Amino acid sequence: MNKKIIVTASLLGMLAVITGAFGAHGLKAVLQPSQLEVWHTAVQYNFYHVFALLFLSTFKESKGKLIKAAYYLFTFGIIFFSGSLYLLSCRSIIGWSWLIYMGPVTPLGGLLFILGWLMMAIAALGDREIK
């Protein structure tokens with residue numbers, strides 16, 4: 001599982017660098033400052049949770065179920081939270097007005113982040129092996 005976590009974190013980290021650079025250089029001329037701020041928030045949370053995934057990879061396999069849960073919660077949190085913000089901030093240039101309805105996806109991603117942190121805390125606190 002640790003290799004899978006590291007590979008996922010690496011790919012999502014690469015995505016964060018690409019989206020960060022794209023926002024700073026490619027979107028600066030076409031998005032409003034408030035839209036760029038939303039884009040920047042997406043990049044920040046993407047990065048924060050890449051680091052959470054990398055830290056998660058240091059846990060022993062004996063915490064398997066909790067680590068697996070945290071892995072999926074962080075990964076889908078990035079997809080839902082950051083992904084929805086990336087799309088929402090660019091809806092005017094994409095031309096997909098229906099993206100406004102993705103608004104509820106963002107807090108769902110935030111909830112997944114919170115639950116991922118909770119699973120990691122429980123894994124850290126637990127003394128007994130959980131399989």
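The numbering scheme is per chain: residues are counted from 1 as the chain's sequence reads. The predicted nature of this model means local features are confined to residues of pLDDT at least 70 and side-chain atom pairs, given and counted, to a pLDDT of 80 or more, with totals for whole chains, interfaces and linings taken over all residues. To get the side-chain values, all heavy atoms of the structure are used, and hydrogens and water are removed first.

Undergrad: Which parts of the structure should I look at to understand a nonpolar patch on the surface?
TA: Together, V30, I93, I94, W96, W98, I100 and Y101 make up an exposed nonpolar region whose accessible area comes to about 750 Å². Secondary structure elements are taken from DSSP: a helix is a run of H or I of four residues or more, a strand is a run of E of two residues or more, and numbering for both begins at the N terminus. Within the fold, I94 resides in helix α4 (residues 91–94). Here, patches come from residues exposed beyond 30% relative accessible area and free of salt bridges, joined within 9 Å for like charges and within 5 Å for nonpolar side chains (Val, Leu, Ile, Met, Phe, Trp, Tyr). Method for areas: the Shrake-Rupley scheme with a 1.4 Å probe, in which residue coverage is limited to the protein chains shown. The salt bridge criterion pairs a side-chain nitrogen of Lys or Arg with a carboxyl oxygen of Asp or Glu, the two atoms within 4 Å.

Undergrad: Sorry if this is basic, but what is going on with the side chain of N46 here?
TA: Along the chain, the position of N46 falls in helix α2 (residues 33–56). Relative accessibility under 20% of the residue-type maximum defines a buried residue, over 50% an exposed one, and the middle range a partly exposed one, all with a 1.4 Å probe and only protein chains included. Under the relative-accessibility criterion, N46 is labelled buried at 0%.

Undergrad: Where do I start with the packing of helix α1 (residues 2–26) against helix α3 (residues 64–89) in this structure?
TA: What describes two packed helices is the angle between their axes and the distance between those same axes. In this analysis, axes come from line fits to C-alpha atoms, helices being fitted only over the stretch in contact, and the angle between any two N-to-C directions falls in the range 0 to 180 degrees. Relative to each other, α1 and α3 sit at 15°, their axes nearing to 11 Å. For the element pair α1 / α3, the angle class is roughly parallel. The chirality of how α1 crosses α3 is left-handed. Residues K4, I5, T8, L12 and T19 of α1 pack against I67, Y71, Y72, T75, I78 and Y86 of α3. Put simply, angles under 35 degrees are roughly parallel, angles over 145 are roughly antiparallel, angles from 65 to 115 are roughly perpendicular, and the rest are oblique. Here a crossing is called left-handed whenever its near helix is offset anticlockwise from the far helix by less than a right angle, and right-handed whenever the offset is clockwise. For this analysis, residues touch if any pair of their heavy atoms sits within 4.5 Å.

Undergrad: Help me understand the nonpolar core, please; the structure alone is not making it clear to me.
TA: Nonpolar side chains tend toward joint burial in soluble globular proteins. As used in this record, nonpolar core signifies buried Ala, Val, Leu, Ile, Met, Phe, Trp, Tyr and Cys residues forming a set joined through side-chain atoms within 4.5 Å. One finds L53, L56 and F74 to be the most contacted residues of the largest nonpolar core, which totals 30 residues. Listing elements by their share of this core, those giving two or more residues are α1, α2, α3 and α5 (105–125). Ranked by the residues each element gives to this core, the list is headed by α3, at ten residues. Discounting chain neighbours no more than four positions away, the residues touching L56 are I5, I67, A70, Y71, F74 and M120.

Undergrad: Is there a simple way to explain α1 in this structure?
TA: Along an α-helix, residues three or four positions apart point the same way, because every turn accommodates 3.6 residues. Multiplying one less than the number of residues by 1.5 Å gives the expected span of a helix. Look at α1: 35 Å from first C-alpha to last across 25 residues, which is about the 36 Å you get at 1.5 Å a residue. Among all positions in α1, only I5, T8, A9, L12, G13, A16, T19 and G23 are buried. Buried residues along α1 sit against α2 and α3.

Undergrad: Is there a simple way to think about the packing of aromatic side chains in this case?
TA: Aromatic ring pairs are defined here through the distance separating the ring centres and the angle between the ring planes. Two aromatic rings from Phe, Tyr or Trp, using only the six-membered ring of Trp, form a pair when their centres are within 6.5 Å; if the ring planes differ by under 30 degrees the pair is stacked, by over 60 it is edge-to-face, and anything between is tilted. Taken as a whole and assessed by the stated rule, the structure comprises twelve aromatic pairs. For the pair F55 and F59, a centre-to-centre distance of 5.7 Å together with 90° between the ring planes defines the contact as edge-to-face. Seen in terms of ring centroids, Y72 and F76 are 6.4 Å apart; in terms of plane orientation they differ by 25°. Their pairing is stacked. Of this pair, Y72 and F76 both sit in helix α3, four residues apart, roughly one helical turn.

Undergrad: For this particular structure, what's the right way to read the confidence of the model for the protein chain?
TA: Low-pLDDT stretches of the model should not have their predicted coordinates read in fine detail. One confidence number per residue, pLDDT, is output by the predictor and ranges from 0 to 100. Per-residue confidence for the protein chain averages 91 on the pLDDT scale, and 95% of its residues sit at or above 70. α2 holds the highest mean pLDDT among the elements of the protein chain, 96, whereas α4 holds the lowest, 84.

Undergrad: What's the story with the packing of α1 against α2 in this structure? I'm lost.
TA: Remark: α1 packs on α2, axes separated minimally by 9 Å, with the N-to-C direction vectors making an angle of 160°. By the angle class used here, α1 and α2 are roughly antiparallel. Considering only the axes of α1 and α2, their crossing is left-handed. When α1 is examined against α2, the residues I5, T8, A9, L12, G13, L15, A16, V17, T19, G20, F22 and G23 are found in contact with a partner set consisting of L36, W39, V43, N46, F47, V50, L53, L54 and L56. Each residue gets one of three labels, nonpolar for Ala, Val, Leu, Ile, Met, Phe, Trp, Tyr, Cys and Pro, charged for Asp, Glu, Lys and Arg, and polar for the others, Gly among them. Among the residues forming the contact of α1 with α2, the class breakdown is 15 nonpolar, six polar and no charged.

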